[in-house]
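These are the residues of each chain, in order.
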Amino acid sequence: MTSQHPALLSASDIRQLADILDLRPTKTLGQNYVIDPNTIRRIVGAANLETTEHVLEIGPGLGSLTLGILDAAQAVTAIEIDPPVANRLATTIEQWRPDSVERLSVVEADALRISHDEIIESMPASADGPPSAIVANLPYNVAVPVMLHILAELPSIQHGLIMVQQEVAERIVAGPGSKNYGVPSVKMAWYAEATSAGSVGTKVFWPAPRITSGLVHFTARQPPVTTATRKQVFEVIDTAFAQRRKTLRAALSKWAGSGAAAEEILVAADVDPKARGEVLAVEDFARIAEHKQQREAQ
């Protein structure tokens, strides 16, 4: 697309753009902008993008990461919730990558509510198809809900690299039986295999957050084979972890109708009723949901 190391936004560039927009980053929108070009290159490199890919960026902010993605991929659709920031992004790209403007589409929307059709209708003309990758610096407070929503809306996504709060990253990549394993871990596993891609210090952001960030790389996988719907499986997951200290028999008793019914479903699903949700894989939760469905159909 361009030279090997094209210019990226520096700390002074970011602050200048913020001044132009009279923008002061807010905690409400989780705005912490990356001001270090080397960190941008590291994120884009870890995303393993193909030059032909269409990338979805969530929360592009002032465009520092957007520039890096455009240098590595064919097209970018960026979802930005803040109107002044969304309106400025194309101008920034035109200034820094004049040959890449037509490869960018900016959608002013809430990533938690955007639909598949809205994304597809907004694709840049250079995109060969729907987004196949996600690269994003996600607001800490909505990172997991945003990812789950986007993966549900866009089955075309095959892989991605997200930057989130370190604690959130550890929860997303955690496996059964570990202390960080919980609802985010299991629900993410429905869609993808997630692994840690390292951590990012606080000094590369403006304003600097108090907590280290973590990089999470994920590769799409097929959901467990089951007759239960995703909604039914996720209901079991939420119920099992709502009282994670309880055995599954106790935690699922109200959901199943009684403790005895919960035990019957668990045994049929080849799950120990005395176990706790934190030791189950997503496939186990799918079997539990399926056996409840079968029980109700009898």
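In what follows, the structure referred to is the one given above.
A few points on the structure. Keep in mind that what you see is a predicted model, and the values were worked out from it rather than measured.

Right, let's talk about the sheet that holds strand β4 (residues 104-108) for a bit. The strands that make up a sheet pair up through hydrogen bonds in the backbone, lying either parallel or antiparallel. Here we have seven strands laid out as an open sheet, ordered β4-β3-β2-β5-β6-β9-β7, and mixed in their pairing. The sheet terminates laterally at β4 and β7 (192-200), the two strands that pair on one side only. Taking each pair of neighbouring strands and ignoring which way they run, the sheet shows an average axis angle of 20 degrees. In terms of strand pairing, strand β3 (residues 75-80) meets β4 through five bridges, oriented parallel. Looking at the pairing, Thr77 lines up with Ser105 of β4. Across the sheet, helix α7 (residues 166-173) lies against β6 (159-165), β7 and β9 (213-220), angled at about 135 degrees from β6, the strand it touches most.

With that settled, consider the packing of helix α8 (residues 183-191) against helix α9 (residues 230-242). Relative orientation of the contacting elements α8 and α9 amounts to 160 degrees, with a least axis distance of 10 Å. In terms of axis orientation, α8 runs roughly antiparallel to α9. Seen along the crossing, α8 lies across α9 with a hand that is right-handed. For the pair α8 and α9, contact is made by Val183, Val186, Lys187, Trp190 and Tyr191 and by Arg230, Val233, Phe234, Ile237, Asp238 and Phe241, respectively. For the contact of α8 with α9, the class distribution of residues is eight nonpolar, no polar and three charged.

Glancing now at the pattern of salt bridges. The full count for this structure, using the stated rule, is ten salt bridges. Across the pair Arg97 and Asp71 runs a salt bridge, and its minimum N-O distance is 2.8 Å. Taken together, the residues span a long stretch of sequence, with Arg97 in the loop between α4 (83-96) and β4 and Asp71 in helix α3 (residues 64-72) at a distance of 26 residues. According to the relative accessible area criterion, Arg97 is buried, its value standing at 4%. Ionic pairing is found between Asp110 and Arg113, a salt bridge with its closest N-O pair at 2.6 Å.

Calculation rules
Residues numbered from 1 in each chain as written. Predicted model: local features only at pLDDT ≥ 70, side-chain atom pairs only at ≥ 80, totals over all residues. Heavy atoms only, no water. Pairing = 2+ DSSP bridges. Helix = DSSP H or I, 4+ residues; strand = E, 2+ residues; numbered from the N terminus. Axes fitted to C-alpha atoms, helices over the stretch in contact; angles between N-to-C directions. Contact = heavy atoms within 4.5 Å. Parallel < 35°, antiparallel > 145°, perpendicular 65-115°, else oblique. Left-handed = near helix turned anticlockwise from the far one by under 90°. Nonpolar A, V, L, I, M, F, W, Y, C, P; charged D, E, K, R; others polar. Salt bridge = Lys/Arg side-chain N within 4 Å of Asp/Glu carboxyl O. Buried < 20%, exposed > 50% of the residue type's maximum accessible area, 1.4 Å probe, protein only.

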